[in-house]
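Structural features, examined
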Amino acid sequence: MEKINKSFGANNVLTDVSFRLEAGEICALLGENGAGKSTLMNILGGVLPADSGTILLNGQAVSFASPVDSLDAGIGFIHQELNLINDLTIYENMFITHMPKKGAFLDAAYMKKKTTELFERMKIDLDPSTMVRDLDASYKQIIEIGRALMQEASIIIMDEPTTSLTEPEIKRVFAMMRTLKQQGVGIIFISHKLGEVMEVCDKYTVLRDGHMVASGFVSETDTRQLAAHMVGREVNTDILSRTVQLGEEILCLDNLSDGKHFYDICLNVHAGEILGVTGLLGDGRSELFQTVFGAMGKKYIGSVKLMGKEVKFSSTHQALEAGVAYLPRNRKENAIIKDMSILDNGSIVELPKLTKNKLFIDFNKQEALFAKQVEELRIKMGDRLDLITSLSGGNQQKVVLAKWLMSNPKLLILDNPTQGVDVGAKEEIYNIIHRLAEEGVAIVVLSSEAQEVIRVCDRTLVLFHGRQVGELKGDEMTEHSIMYLATGGNQNESVRN
Ligand SMILES: Nc1ncnc2c1ncn2[C@@H]1O[C@H](COP(=O)(O)OP(=O)(O)OP(=O)(O)O)[C@@H](O)[C@H]1O
Ligand SMILES: [Mg+2]
């Protein structure tokens, strides 16, 4: 790609960006939220036209009027936001752009067979006939990756493919990337997890505010330097130490089971405490806390106590009223309201409190509260009254997070809170979480990233297939010990290791 320029209105998103990819190479495309990574890839993937600049494929100038054009030219695209059709099966989604036919009918048997073969290679235990709507976000991400792998592309664009995957799945995706690389496929890998970049990429290119600011070989750099290129300053990623001041018990779960996702869960969280809950795909942590939040109905046994009083919420509204807030895991489907503005998406939980009388919203107060968050989290946006969908993925996540951080809850549950958020803003978010805990909020962080749990939590529970298999405190929380428990290891053995 040579001298690519792109603006949205007055917002110059890409300025003279040039980018090269060779066959058999994995290149990281890095940059802060809003730097222009997805926009550049959307131009390569035929989703957006460039204002100027050229694309050369094997030395030939090409232009793509649509995503199908780009795909036909051998470019597979795994999008940042999930792009599956909920009302179709997995195998239909796999072949969505080019459905094979047998006479006048779709060749379902062929599609199923191909999908089954792929899943075997990926070691994924899924029935291809499952409806996509019934899948958890992590599985959907795996399907997206599988679909790109199926297309026999010569270039694969992976725009944050691992945000909701856990360690073993990520390793499997990396193994497949290496195989493709050996077959001569060129891969562009976008990720905010710099450890992943160091592990799997050969080269890197960094965008800052739409300009190419650095590129080189991964073997000649480290995560600190990469972060500094992205942000334009040093990023401190040392473990934050804090003294925990425990207040009253806020949440207590006693033998909670729903018979399907989680079993016999006993835990408590005090005011001022940050509890991590982690595990692998299918560990049930999201379902467990969605149940606590009243989002899964009342079909469970055992008890939920909030500040010593037994509760059984039948709706999330009741939970909110009682002081429980929950940041959902899947942003696109559960957390943003697409046809509302950035400002309204960022402050909607506060609306009841901001309403002076039943008719009017106190706009000044709403704006002041939101402006503070925009500054702290460095949310990059045009006008705050623009639609939320005009923001980059990471900036949408920051807006959603701002909303829950402002909601003044007693118990704050954050499910995968920093998905797609850049390194600098992650640190800010961890600081805000610590500050809220110091103000006496009880906080539960659900995360698949061991590093995140270690950095932000006081202690963590590890779940395995819906059962709690261990608890680690302070220094006991290491990537090794968390992974050991998460893969079904025994706690006493883990301590001995
Ligand atoms: N459809 C659009 N309309 C208006 N502005 C847009 C649109 N798409 C992107 N932008 C703007 O372009 C800029 C770059 O966005 P882009 O999605 O490329 O960022 P990114 O580097 O992928 O960030 P992230 O890491 O958060 O995904 C942002 O300021 C964003 O608000
Ligand atoms: Mg992006």
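Residues numbered from 1 in each chain as written. Chains lettered and ligands numbered in written order. Predicted model: local features only at pLDDT ≥ 70, side-chain atom pairs only at ≥ 80, totals over all residues. Heavy atoms only, no water.

The next thing to look at is the domain arrangement of the protein chain. In terms of domain boundaries, the protein chain breaks down into domain 1 (2–231) and domain 2 (249–496). Placing a centre on the C-alpha atoms of domain 1 and another on those of domain 2 gives a separation of 28 Å. When domain 1 packs against domain 2, close to 2,300 Å² is buried across both sides, 50% of that on carbon and sulfur atoms. It is Asn 33, Glu 81 and Thr 166 that lose the most area in domain 1 upon contact with domain 2, and together they represent 25% of the buried surface on that side. Taken together, the connections running from domain 1 to domain 2 amount to one salt bridge. For Glu 32, the salt bridge identified is with Arg 378, shortest N-O distance 2.7 Å. There are six residue pairs in polar contact (both at pLDDT 80 or more) connecting domain 1 and domain 2. Those elements that provide at least two residues to the side of domain 1 that touches domain 2 are α5 (137–150), α6 (167–182) and α8 (223–231). The biggest single contributor to the side of domain 1 that touches domain 2 is α5, with five residues. (Domains from an automatic or database assignment. Buried area = accessible area lost by both parts, 1.4 Å probe. Salt bridge = Lys/Arg side-chain N within 4 Å of Asp/Glu carboxyl O. Polar contact = N/O pair within 3.5 Å; in protein donor to acceptor, adjacent residues only side chain to side chain. Helix = DSSP H or I, 4+ residues; strand = E, 2+ residues; numbered from the N terminus.)

It is worth spelling out the packing of aromatic side chains at this point. According to the stated counting rule, one finds three aromatic pairs in the structure shown. A centroid spacing of 6.1 Å and a plane angle of 75° characterise the contact between Phe 174 and Phe 189, whose relative ring orientation is edge-to-face. Note that Phe 174 is positioned in helix α6 and Phe 189 in strand β10 (residues 186–190), a separation of 15 residues in sequence. Ring plane angle 20° and centroid distance 5.4 Å describe the contact between Phe 293 and Tyr 326, whose orientation is recorded as stacked. Here the residue Phe 293 occupies a position in the loop between α9 (285–292) and β16 (301–306), and Tyr 326 occupies one in strand β18 (residues 324–327), the gap between them amounting to 33 residues. Assigned by exposure class, Phe 293 and Tyr 326 land together as buried. Directly above the aromatic system of Tyr 300 lies the positively charged group of Lys 312, at a separation of 4.5 Å from the ring centroid. (Phe/Tyr/Trp six-rings, centres within 6.5 Å; stacked < 30°, edge-to-face > 60°. Buried < 20%, exposed > 50% of the residue type's maximum accessible area, 1.4 Å probe, protein only. Lys NZ or Arg CZ within 6 Å of the ring centre and 35° of its normal.)

Turning next to the sheet that holds strand β1 (residues 2–8). Spatially, the four strands line up as an open sheet ordered β2-β1-β4-β5, and their pairing is antiparallel. Every other strand in the sheet has two partners, leaving β2 (11–17) and β5 (60–62) as the edge strands with one partner each. Pairwise comparison of adjacent strand axes, ignoring direction, gives a mean angle of 35° for this sheet. (Pairing = 2+ DSSP bridges. Axes fitted to C-alpha atoms, helices over the stretch in contact; angles between N-to-C directions.)

As a rule of thumb, nonpolar side chains are buried together in soluble globular proteins. One finds Leu 30, Ile 156, Met 158, Met 177 and Phe 189 to be the most contacted residues of the largest nonpolar core, which totals 51 residues. Aside from chain neighbours lying at most four places away, what touches Ile 156 is Gly 76, Ile 78, Ala 148, Leu 149, Leu 180, Val 185, Gly 186, Ile 187 and Ile 188. (Core = buried A, V, L, I, M, F, W, Y, C linked by side-chain atoms within 4.5 Å. Contact = heavy atoms within 4.5 Å.)

We now examine unusual backbone geometry. In this model, Lys 3 sits at a positive phi of 45°, which is unusual for a non-glycine residue. Tracing the chain through its elements places Lys 3 in strand β1. With relative accessibility at 53%, the residue Lys 3 sits in the exposed group. Of note in the backbone geometry, Met 307 takes a positive phi value of approximately 50° without being a glycine. Its location among the elements puts Met 307 in the loop between β16 and β17 (309–311). Looking at Met 307, the relative accessible area reads 29%, which means it is partly exposed.

With that settled, the discussion passes to the sheet that holds β18. The sheet built from six strands is open, its strands ordered β18-β19-β20-β15-β21-β22 with mixed pairing. Strand pairing shows two members of the sheet lacking a second neighbour, β18 and β22 (467–473), which therefore form its edges. On average, adjacent strands in this sheet sit at an angle of 20° to one another, irrespective of strand direction.

On to the side chain of Asn 416. Checked against the element boundaries, Asn 416 lands in the loop between β19 (411–415) and α16 (423–438). The exposure class assigned to Asn 416 is buried, which follows from its relative accessible area of 4%. What Asn 416 contacts, discounting residues up to four positions off in sequence, is Thr 163, Ser 164, Arg 329, Gln 397 and Leu 446.

Residues in contact with ligand 1 amount to 21 residues; listed here are only the nearest, Gly 34, Lys 37, Thr 39, Ser 392 and Gly 394. One of the backbone nitrogen or oxygen atoms of Ala 35 is found 3.3 Å away from an oxygen atom of ligand 1. Here an oxygen atom of ligand 1 sits 2.8 Å away from a polar atom, N or O, in the main chain of Ser 390. In isolation ligand 1 offers 640 Å² of accessible surface; the protein chains occlude 84% of this area. Counting only elements with at least two residues in the shell around ligand 1, the list comes to β2, α1 (37–44) and α15 (393–405). (Near = heavy atom within 4 Å. Areas by Shrake-Rupley, 256 points an atom, 1.4 Å probe, with all protein chains shown as cover.)

Where strand β11 (residues 203–208) and strand β12 (residues 211–217) come together, six bridges link them in antiparallel fashion. In the strand pairing of β12, Lys 203 is matched with Phe 217. The turn joining β11 and β12, which pair antiparallel and follow one another in sequence, is formed by two residues; a positive phi near 45° is taken by Asp 209.

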